[in-house]
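# Understanding the architecture of this molecule
So the chains spell out like this:
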Amino acid sequence: MNPLAGCLLLSCLLFASGLGAVLIRRNAIVVLIGIELMLNAANLNFIAFWRYGPNPEALTGLMAALFALAIAAAEAAVGLALIISLYRRHHRSDIDVAEELKG
């Protein structure tokens, strides 16, 4: 197995575990962790295709991964703020409580 295939296999497993956490769990913090796992799997793909691509001197994959990390940090901050707000109001962190946020 070549290194690119190994990275892609690891990324696929990481994405599948994140997707499983998002679809199966009802706890908002576990759902947020699952989303972060999926974003990290996408970052691993960016880095792998950049590193083993035809032009690794260009920093395109690295810049895309850094941009995705910045977006993930902002998403985590907003998500945790929403979870803390819901927990203060309802004293539980289930995502079923978020039904009242629908407009």
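Just above, that's the structure.
These remarks concern the structure in this document. Quick caveat: nothing in here was measured; it's all calculated off a predicted structure.

Calculation rules
Residues numbered from 1 in each chain as written. Predicted model: local features only at pLDDT ≥ 70, side-chain atom pairs only at ≥ 80, totals over all residues. Heavy atoms only, no water. Helix = DSSP H or I, 4+ residues; strand = E, 2+ residues; numbered from the N terminus. Contact = heavy atoms within 4.5 Å. Buried < 20%, exposed > 50% of the residue type's maximum accessible area, 1.4 Å probe, protein only. Salt bridge = Lys/Arg side-chain N within 4 Å of Asp/Glu carboxyl O. Patch = residues over 30% accessible without salt bridge, like charges linked within 9 Å, V, L, I, M, F, W, Y side chains within 5 Å. Areas by Shrake-Rupley, 256 points an atom, 1.4 Å probe, with all protein chains shown as cover. Axes fitted to C-alpha atoms, helices over the stretch in contact; angles between N-to-C directions. Parallel < 35°, antiparallel > 145°, perpendicular 65-115°, else oblique. Nonpolar A, V, L, I, M, F, W, Y, C, P; charged D, E, K, R; others polar.

For the rest of this paragraph, the subject is the environment of Ile83. Within the secondary structure, Ile83 sits in helix 3 (residues 60–90). When neighbours within four sequence positions are excluded, Ile83 is seen to be in contact with Ala28, Ile29 and Leu32.

Mapped onto the fold, Ser11 is located in helix 1 (residues 3–24). You can call Ser11 buried: its relative accessible area is 3%. When near neighbours in sequence (up to four residues on either side) are disregarded, Ser11 contacts Ala41, Leu44 and Asn45.

Once that is clear, we can look at the side chain of Ser93. Take Ser93: it is sitting in the segment after helix 3. Beyond its immediate stretch of four places on either side in the chain, Ser93 contacts Arg26, Asn27, Ala28 and Tyr87.

Next up on the list: the pattern of salt bridges. The tally for this structure, following the rule as stated, stands at two salt bridges. For Asp96, the salt bridge identified is with Arg26, shortest N-O distance 2.5 Å. In this pair, Asp96 sits in the segment after helix 3 while Arg26 sits in the loop between helix 1 and helix 2 (28–51), placing the two residues 70 residues apart along the sequence. Put simply, Asp94 and Arg92 hold a salt bridge, and the shortest N to O gap is 3.8 Å.

The next thing to look at is a nonpolar patch on the surface. On the surface, a cluster of nonpolar side chains totalling about 410 Å² of accessible area is made up of Phe15, Leu19, Leu23 and Ile24. Here Phe15 shows up in helix 1. Given a relative accessible area of 38%, Phe15 falls into the partly exposed group.

Here we come to the packing of helix 2 against helix 3. In a pair of packed helices, the angle between the axes and the distance between the axes together describe the arrangement. Contact geometry of helix 2 with helix 3 gives a least axis separation of 8 Å together with a crossing angle of 175 degrees. When the axes of helix 2 and helix 3 are compared, the pair comes out roughly antiparallel. Looking at the contact of helix 2 with helix 3 residue by residue, the class counts come to 17 nonpolar, five polar and two charged.

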